[in-house]
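Read off the chains here:
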Amino acid sequence: MAGAPGKEVEVEAEQPALQVIVLGSGGGPVEDNITAFLVRSTAVGWKKGCLLAVDAGVHLAAISKILERHKADRSGNDQKQAVTLIDGPFEGLQIPHSSASANAAHISRTLVDTYLVTHPHLDHISGFVVNTAAMPGSRPKRLAGLPSTIEAFKNHIFNNVIWPNLSDENNGAGLVTYMRLVEGGSPALGDGEGKGYVEVCDGLSVKTWGVSHGHCIERHSHRGSSFGLGSSSSQLDASPRQRTTSGSQSQLQPPSRTSSGSGFIPGELLRVESQERICVYDSSAYFIRDIATGKEILMFGDVEPDTISLSPRNKHVWSEAAPKIASGHLRGVFIECSYDDSVSNDYLYGHIAPRFMIEEMKCLANEVRKVKENKKRKREGNGDALGNSRRKPTRVVRDLSPQVSPRSGRTRNSIDFEIMQADGQNESLKEVDEEEVTGEDQSLPIRSSSELPLKGLKIVIIHMKEKLNDGPPVGELIMKQLQDYEAQAHLGCEFVISKVGDAMYF
């Protein structure tokens, strides 16, 4: 609404669509602060089934500790009536009990219907496993994840050995029902911008992508993503959603290149006997969408950088995220940075350090820039004379130098080589027929410090592993290093260190 001349006009601020409550921000070894979050659509309010648990290394105890710090409005009510919380992450929630533990049980039993698990490592599932048997509700809890995650629960957790079979499969207790998610989205579900998303709780839908969480150092029968297998050319060119089956699990075919530009064919990486295959740990990245507004956040499980991964898959996630960031629909990315830069590559064990985080952010920034420039070209008209005159011929570069995997120590031969695009972007040779190319520089530079391609994007750091020494907290070290990198890269993103009890709005 326009105001009178000389008067300030109040513009109504955009209301947040998504709330994230941090139950656990660490990655161990302290067991009371390991990965766990609650997510809700603010449009839904506080009602039955409104909360989505993303991982649950901790759960009930963390909710109880947060509630102990809350203030409640008990005016006009006796102790037997429900009261309303007036501050903190659960502000506005009516609680029926007087003790924090009883109200935590109420929240977990009534408000949380679905647990979205990124991968089945204990620091991401232990709270869910222990809590579920003690708090049966009126309907089973839904456990959602990739088929490989569900298979791990069936075979190794709810197997009547490690823990009773609480599921509704194989004659179990029926307290848990499995929801197997389709990688890359369910093609038959949703429409428009929400196509492929599946509703997992009231007001929220998700789309999942598989990512890599390092590889096992043992030689054993394969149980993770396919890697080091002899493959036909048709398999190598398959999309990441195409799968091959090993045993009872459906597995991902890895991309045939890394985002840093050093491509390779898996069959040539390891010349080992078929029964001695590299096992790549699968994890997940979830796009969580508010159904009412279309706003989204992106939440990663444990993940390693593409540049040292044996099965690099992060770039597919960044490609999916880029148009959402460019349009302003995706404002927050939750991603692990387990160690500071004092930890060498050999001891990252499938995790990220700040030096690799900035590489991943540069890759994301380049994807965002491509989206924006494509939109700009469409507005200006495709194929105009000026645009055609600036297009440079494609040049093929081949790198035949041997490369060594940072952990296996084995030599690999690179046959694809990433080249620098004319607009400052990197792509593999499979895509150079669609892009402009120049020079030999393989870095991921940002063309202009004033461009700030990730401006407005919050990068929330999770899964930090405590050092347990007398030095500064690991979060402080990680933040200082990330800020130093950002000062040089000028990406525009804001790094945030997550803490237990944080309530973040997007």
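Now for a quick tour of the structure. A quick note: this is a predicted structure, and the numbers were derived from the prediction, not measured.

## Quick notes on the pairing of strand 16 (residues 330-336)
By the criterion of burial, strand 16 is predominantly enclosed, with six of the seven residues buried. Bridging between strand 15 (residues 296-300) and strand 16 involves four bridges; their strand directions are parallel. By the bridge assignment for strand 16, I297 is matched with G332. With helix 7 (residues 314-326) bridging strand 15 and its parallel neighbour strand 16, the resulting β-α-β unit is right-handed.

## Some thoughts on unusual backbone geometry
Residue G28 is joined to P29 through a cis peptide bond whose omega torsion reads 0 degrees. Mapped onto the elements, P29 comes out in the loop between strand 1 (18-27) and strand 2 (34-41). The residue N171 is not glycine, and still its phi comes out positive at about 60 degrees. By the element assignment, N171 lies in the loop between helix 4 (147-157) and strand 9 (176-180).

## Focus: the side chain of D55
Assignment of secondary structure puts D55 in strand 3 (residues 51-56). Buried and unpaired, D55 has no salt bridge, with K465 as the nearest side chain of opposite charge at 12 Å. In this structure the side chain of D55 is engaged in a polar contact, spanning 2.8 Å, whose partner is the side chain of T118. Beyond its immediate stretch of four places on either side in the chain, D55 contacts T35, A36, F37, L116, V117, T118, H119 and H124.

## Notes on the packing of aromatic side chains
Considering all chains together, one arrives at nine aromatic pairs under this definition. Relative to W318, the ring of F300 lies with its centre 5.3 Å away and its plane at 50 degrees, an arrangement referred to as tilted. Of the two residues, F300 sits in strand 15 while W318 sits in helix 7, which places them 18 residues apart along the sequence. The exposure class of F300 is buried, given its relative accessible area of 3%. Put simply, the rings of Y115, F128, F153 and F158 pair up and form one aromatic cluster. Sitting above the plane of the Y197 ring, R289 keeps its charged end 5.8 Å from the centroid.

## Overview of the packing of helix 8 (residues 354-380) against helix 10 (residues 474-489)
Orientation of helix 8 relative to helix 10, taken along the N-to-C sense of each, is 40 degrees, at an axis distance of 9 Å. One finds that helix 8 runs oblique with respect to helix 10. Two packed elements cross with a definite hand, and for helix 8 against helix 10 that hand is right-handed. Along the contact surface, helix 8 presents P354, R355, M357, I358 and K362, while helix 10 presents I478, Q481, L482, Y485, E486 and A489. The residue makeup of the contact of helix 8 with helix 10, split by class, is seven nonpolar, one polar and three charged.

## Thoughts on the pattern of salt bridges
Side chains that differ in charge, positive against negative, can pair when their charged atoms come close. Taken as a whole and assessed by the stated rule, the structure comprises 15 salt bridges. Across the salt bridge formed by D202 and K47, the nearest N and O atoms sit 3.2 Å from each other. Taken together, the residues D202 in the loop between strand 10 (198-201) and strand 11 (204-215) and K47 in the loop between strand 2 and strand 3 connect sequence positions 155 residues apart. You can call D202 partly exposed: its relative accessible area is 29%.

The rules behind these values
Residues numbered from 1 in each chain as written. Predicted model: local features only at pLDDT ≥ 70, side-chain atom pairs only at ≥ 80, totals over all residues. Heavy atoms only, no water. Buried < 20%, exposed > 50% of the residue type's maximum accessible area, 1.4 Å probe, protein only. Helix = DSSP H or I, 4+ residues; strand = E, 2+ residues; numbered from the N terminus. Pairing = 2+ DSSP bridges. Right-handed = clockwise from strand over helix to strand, strands pointing away. Lys, Arg positive; Asp, Glu negative; His and termini not counted. Salt bridge = Lys/Arg side-chain N within 4 Å of Asp/Glu carboxyl O. Polar contact = N/O pair within 3.5 Å; in protein donor to acceptor, adjacent residues only side chain to side chain. Contact = heavy atoms within 4.5 Å. Phe/Tyr/Trp six-rings, centres within 6.5 Å; stacked < 30°, edge-to-face > 60°. Lys NZ or Arg CZ within 6 Å of the ring centre and 35° of its normal. Axes fitted to C-alpha atoms, helices over the stretch in contact; angles between N-to-C directions. Parallel < 35°, antiparallel > 145°, perpendicular 65-115°, else oblique. Left-handed = near helix turned anticlockwise from the far one by under 90°. Nonpolar A, V, L, I, M, F, W, Y, C, P; charged D, E, K, R; others polar.

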